[in-house]
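Summary of structural features
Residues per chain are reported as follows:
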Amino acid sequence: MAQRGSGRTRLLLVSLLVTALFLITLDLRGVSLLASARSAMQTVAKPFQSAANFLFSPIGNFFGDIANIGQANERLDQLKEENKALQEKIATLKDMRGELRQLKSVLDLAGRARYEVVAARVIAFGPESSFERTVTLDVGSTSGIQRDMAVISGAGVVGVVKTVTARSAIVQLVSDPAFRMGVRIAGRQTMGILSGKGSSYFDLELLDARDTIKQDDVLLSRGSSGNRPFAPGIPVGTVVSVDDSIGALTKRAEVRPFAELSSLGVVAVILSEEAIDPRDSLIPKAPVAIPTPTVTVFVTPTPSPSAKTSTKKSTGE
Amino acid sequence: MSIYRTSVTISFFLAIFLIQESLVNRIDFFIGGFSLYLALLFSWLATEEKGEAFISAFIAGIILDLTPSFDTPVGLWTATLLLFSYLVSTYRESLGDLDERPITAALYLVVGTSLSILVYVILSGVLGNSIPPFFTVVREIAGNGLWTLLFTPIYFPLVNRMKIRLFALRSTP
């Protein structure tokens, strides 16, 4: 009996093996039935796969995340480093772009005035607690800088060199309370004394009480003796308000400087200038307002059917 | 093999096939992959009689062969698993009671699944299919062996208990 049973299982094995080999042969010969069977299997399995995928995908993702946690952390650290480096690069580029713009404008002003200048970078601002308004430049006597030389930015006067070392110079800003300079109103010969107040605005006191001054008047440097510290014609600022107090001995006004003294980056120290007075030619041009285009839409009403009917009626149709 | 037993076998392997396709294949194992399907098949075969083992292997092979993503000829997995079902059912007695010998059970499963993959790759090459690079095959087989070994304490007793419940209840008068 056992031998008979063993023979049956052997026969079963052989028949199953033959079936498998037959299937292989059919598949290798390109019988489309098997391809269809695979396709049918996929069709049958797809809903189950979708459902199983819906149910198990969070678990699969969880295991996947666990498996990749080391790599993910490493990648995260790498990306953080890259991000940091890129942010530093962007900040540097922005800073460089700003400095370049300032350098271009200051050289442009110096070129128009025909000044011989040394460009310098502001490397430090003086402490405000000392009530002095100063900045330190990265150029000194080795670059030809001397005491009482005028310092300009692309917009106008910044200050005067007060102290010079071999490789640095300290500049007294126009906003310093102890700063005084002679100015004139552009287009006229009205003169006055400009003095710093320690803030972002300056005081102007006209020399002659009979002179007139009004808001938006532009002030230029009057020029010092021997052009030291100031050559004539350097833009200083604009009048923002006038003190018209009756009985005042002199006319006074408040002035806003052209130069942005709180954000100085690149400036130029005037080494020498030509003997020509540039007059009012260095006044910064006011920004041109670009008009915003407006769109005009014309709407013609479409005649309604009732209107058409009434028109027909009126025409006798 | 009764109709009930055949339908249970088909349902079981279809279910495992779906779990393998939708869940296990999604997991990114560190080394190689893990064939839950083969591991459970060999667990299933460990307690089957010869004739039942052949039919179970044939059913499991056909289901595996009909996997649409496979490029290999239909029937190759069937032939491979039939060969291994013969070997397992012939030498099963020498392994003893695998429920009481967990290390032997784990080694049996690791060797069985690993060799079946290796034989499948070789037969696939013989039939003209492209064979993956040697190190890829080694990594896959080693990885599969490792995960089969590690998960044996979980799935092997489960399959045995499930089979006892399914078929013992049926055979009770």
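Up top is the structure these notes are about.
In this text, all values refer to a predicted model and were calculated from it rather than measured experimentally.

Let's shift gears to the overall build of chain B. The helix and strand tally for chain B stands at 6 helices and 0 strands. Its helices and strands taken in sequence order, chain B reads α-α-α-α-α-α from the N to the C terminus. Sorting the 173 residues of chain B into buried and exposed places 51% on the buried side. Considering only residue pairs separated by 6 or more positions, chain B has 75% of its internal contacts joining residues 24 or more positions apart. In the form shown here, chain B has an accessible surface area of approximately 8,200 Å², with 69% of it arising from carbon and sulfur atoms.

Before going further, it helps to spend a moment on the layout of surface pockets. Residues and elements named next belong to chain B. Space inside the largest pocket adds up to approximately 830 Å³. For the largest pocket, the lining is made up of 33 residues, of which Phe 70, Trp 77, Ile 117, Tyr 120 and Glu 140 are closest to its centre. Taken together, the elements giving at least two residues each to the lining of the largest pocket come down to α1 (3–22), α2 (36–45), α5 (102–126) and α6 (134–171). Sort the elements by how many residues they give to the lining of the largest pocket and α5 lands first, with 5 residues. For the lining of the largest pocket, a count of residues per class yields 16 nonpolar, 14 polar and 3 charged.

Take unusual backbone geometry next. All names here are of chain A. Despite not being glycine, Asp 148 shows a phi value in the positive range, around 70°. In this fold, Asp 148 is placed in the loop between β2 (134–137) and β3 (150–152). The exposure class of Asp 148 is partly exposed, given its relative accessible area of 26%. Of note, the phi angle at Asp 216 is positive, near 75°, even though the residue is not glycine. Assignment of secondary structure puts Asp 216 in the loop between β8 (202–206) and β9 (218–221). Residue Asp 216 is classed as exposed on the basis of its relative accessible area, which comes to 57%.

Turning our eyes to something else, we now look at the packing of α1(B) against helix α3 (residues 50–65) of chain B. Residues and elements named next belong to chain B. For the pair α1 and α3, interaxial distance at closest approach is 10 Å and the crossing angle is 40°. Note that α1 runs across α3; the crossing there is right-handed. Between α1, through Arg 5, Thr 6, Thr 9, Ile 10, Phe 13, Leu 14 and Phe 17, and α3, the contact on the second element is made entirely by Glu 52, Ser 56, Ile 59, Ala 60 and Ile 63. Residue classes in the contact of α1 with α3 are distributed as 7 nonpolar, 3 polar and 2 charged.

The rules we used
Residues numbered from 1 in each chain as written. Chains lettered and ligands numbered in written order. Predicted model: local features only at pLDDT ≥ 70, side-chain atom pairs only at ≥ 80, totals over all residues. Heavy atoms only, no water. Helix = DSSP H or I, 4+ residues; strand = E, 2+ residues; numbered from the N terminus. Buried < 20%, exposed > 50% of the residue type's maximum accessible area, 1.4 Å probe, protein only. Contact = heavy atoms within 4.5 Å. Areas by Shrake-Rupley, 256 points an atom, 1.4 Å probe, with all protein chains shown as cover. 1 Å grid on protein atoms, 1.4 Å probe; cavity = no way out; pocket = protein on both sides within 12 Å on 5 of 7 lines; lining within 4 Å. Points joined across faces, edges and corners; volume = space filled by probe spheres on them. Nonpolar A, V, L, I, M, F, W, Y, C, P; charged D, E, K, R; others polar. Axes fitted to C-alpha atoms, helices over the stretch in contact; angles between N-to-C directions. Left-handed = near helix turned anticlockwise from the far one by under 90°.

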